[in-house]
Amino acid sequence: MTNFLSLADVTDIDALIQAGLTAKSNPFVDQHLGKNKTIGLLFFNSSLRTRLSTQKAAQNLGMNVITMNVGQDSWGLEMEEGVLMNADKAEHVREAAAVIGRYCDVIGIRAFAELKDREKDYQEQVMHQFAKYAKVPIVNLESATRHPLQSLADCITIEEAKKVKRPKVVLTWLPHFKPLPQAVANSFCEWMNARVQSGDVDFVVTHPEGYELAPEFVGNAQVIYNQDEAFKGADFIYGKNWSSYTDYGKVLTQDPSWAVTMDDLRLTNNGKFMHCLPVRRNLKVADEVLDSQQSLVIEQAANREWSAQAVLKEILLTL
Ligand code: SN0
């Protein structure tokens, strides 16, 4: 693996999930792999789990870690080619990426969707510009359209917690007053659709009308507009809010009946609840769910360390 931008960079999902579980059971055996290698972690947006788990995973592999909040700590970066730089951005990605690529052997980048211009967000300009000009492997720490390290941690979590060979996994939209990116939901669909193909899960997506995800992500997943119907017999409920893709970046409803409560979980097959975090309690999910035995959110977040370690190890092996 050179870049880890999306599922397309993964040759064997099963092997990557197993590598995560192996790292979890024995975190420090590969300390030598990262010796004298440096990873730079660049954040254009806030982060708690991604920042700490990726740093921890890199350190488990013996790497050095440099972190920067781009835009706050550094110069604002211009991503467009051939522009007259007479506005707020003082530095171009051509120089910035090239320079950071000289200091770092691997670069991790978080750059959320701006949710203004759908075409622009879905072009993934920041990831592609860095991949082009840094000339070192790039790891996606949540881009405009995807969050693959989260999806890998989700796969690891499902693999660990499943009680049947082919569990039913349901992605449900949750209410929120703020427009959030589609990245987590997109990636989860991308990875779950691959798990459907390999016979590892059944997958259903449920959301209100108007919240249809991009066709290239939802793929052939079954979409059910009635949440109660979708929850029947589910082994895993994966909650996430996202803003509209069709009416791009808009909040079309905040219908509180879409929040997940214990009554909803009772419709499932004693299903586990998952969420990537951060989660706004009682807006998206009831306290009683997050504090119940059925919640996997902390274990899921803990698995971010092992998903990052599995990916960084594969990259280090190519350096
Ligand atoms: C981000 C998102 O993509 O939805 C990161 C998730 C890992 N979440 C948020 O921005 C939540 C912000 C909020 O105010 O609830």
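Everything below is about the structure shown above.
I will try to describe carefully the structure that is included in this document. The shown structure was predicted, so the numbers you read here are calculated from the model rather than taken from an experiment.

Within a sheet, neighbouring strands are paired by backbone hydrogen bonds and run either parallel or antiparallel to one another. With parallel pairing, the four strands of this open sheet are ordered in space as S2-S1-S5-S6. Unpaired on one side and paired on the other, strand S2 (64–69) and strand S6 (138–140) mark the two borders of the sheet. This sheet shows a mean twist of 20° between the axes of neighbouring strands, independent of strand direction. Direction of pairing for strand S5 (residues 106–110) relative to S6: parallel, over a ladder of three bridges. What sits directly across from Ile109, in S6, is Asn140.

What follows deals with the site of the ligand. Surveying the vicinity of the ligand reveals the residues Phe112, Glu142, His176, Lys178, Leu180, Pro181, Lys240, Cys276, Leu277 and Arg280. The contact in question runs from an oxygen atom of the ligand to an N or O atom on the side chain of His176, over 2.8 Å. With respect to the ligand, the side chain of Lys178 contributes an N or O atom lying 2.6 Å from an oxygen atom. About the coverage of the ligand: the protein hides 87% of its 410 Å² of free accessible area. Of the residues contributing to the shell around the ligand, the split by class is five nonpolar, one polar and four charged.

Here the focus is the side chain of Lys168. Turning to its location among the elements, Lys168 is positioned in strand S7 (residues 168–173). Buried within the structure, Lys168 lacks any salt-bridge partner; its nearest side chain of opposite charge belongs to Glu229, at an N-O separation of 7.5 Å. Here the side chain of Lys168 touches Ala230 through a polar contact of 2.9 Å, landing on its backbone oxygen. Leaving out residues up to four positions away in the same chain, Lys168 has contacts with Asp202, Val204, Glu229, Ala230, Lys232, Gly233, Ala234, Asp235 and Phe236.

Packed helix pairs are specified by the crossing angle of their axes together with the interaxial distance, meaning the distance between the axes. Taken N-terminus to C-terminus, the directions of helix H1 (residues 13–25) and helix H12 (residues 297–316) make an angle of 110°; their axes are 8 Å apart at the nearest point. On the basis of their axis angle, the class for H1 and H12 is roughly perpendicular. Both H1 and H12 take part in a crossing whose hand is right-handed. Along its contact with H1, which presents Leu16, Ala19, Gly20, Ala23 and Lys24, the element H12 presents Glu299, Asn303, Trp306, Gln309, Ala310, Val311 and Glu314. Here the contact of H1 with H12 is composed, by residue class, of six nonpolar, three polar and three charged.

Using the criterion set out here, one finds 17 salt bridges in the structure. A salt bridge links Glu305 to Lys56; its shortest N-O distance comes to 3.0 Å. Note that Glu305 is positioned in helix H12 and Lys56 in helix H2 (residues 49–60), a separation of 249 residues in sequence. Between Arg281 and Asp291 there is a salt bridge, with the nearest N and O atoms lying 2.9 Å from each other. Of this pair, Arg281 sits in the loop between strand S11 (272–274) and helix H11 (287–290) while Asp291 is found in the loop between H11 and H12, placing the two residues 10 residues apart along the sequence. Residues participating in the shared-partner salt-bridge network are Asp14, Glu159, Lys162, Arg195 and Asp200.

Analysis parameters
- Residues numbered from 1 in each chain as written.
- Predicted model: local features only at pLDDT ≥ 70, side-chain atom pairs only at ≥ 80, totals over all residues.
- Heavy atoms only, no water.
- Pairing = 2+ DSSP bridges.
- Helix = DSSP H or I, 4+ residues; strand = E, 2+ residues; numbered from the N terminus.
- Axes fitted to C-alpha atoms, helices over the stretch in contact; angles between N-to-C directions.
- Near = heavy atom within 4 Å.
- Polar contact = N/O pair within 3.5 Å; in protein donor to acceptor, adjacent residues only side chain to side chain.
- Areas by Shrake-Rupley, 256 points an atom, 1.4 Å probe, with all protein chains shown as cover.
- Nonpolar A, V, L, I, M, F, W, Y, C, P; charged D, E, K, R; others polar.
- Buried < 20%, exposed > 50% of the residue type's maximum accessible area, 1.4 Å probe, protein only.
- Lys, Arg positive; Asp, Glu negative; His and termini not counted.
- Salt bridge = Lys/Arg side-chain N within 4 Å of Asp/Glu carboxyl O.
- Contact = heavy atoms within 4.5 Å.
- Parallel < 35°, antiparallel > 145°, perpendicular 65-115°, else oblique.
- Left-handed = near helix turned anticlockwise from the far one by under 90°.

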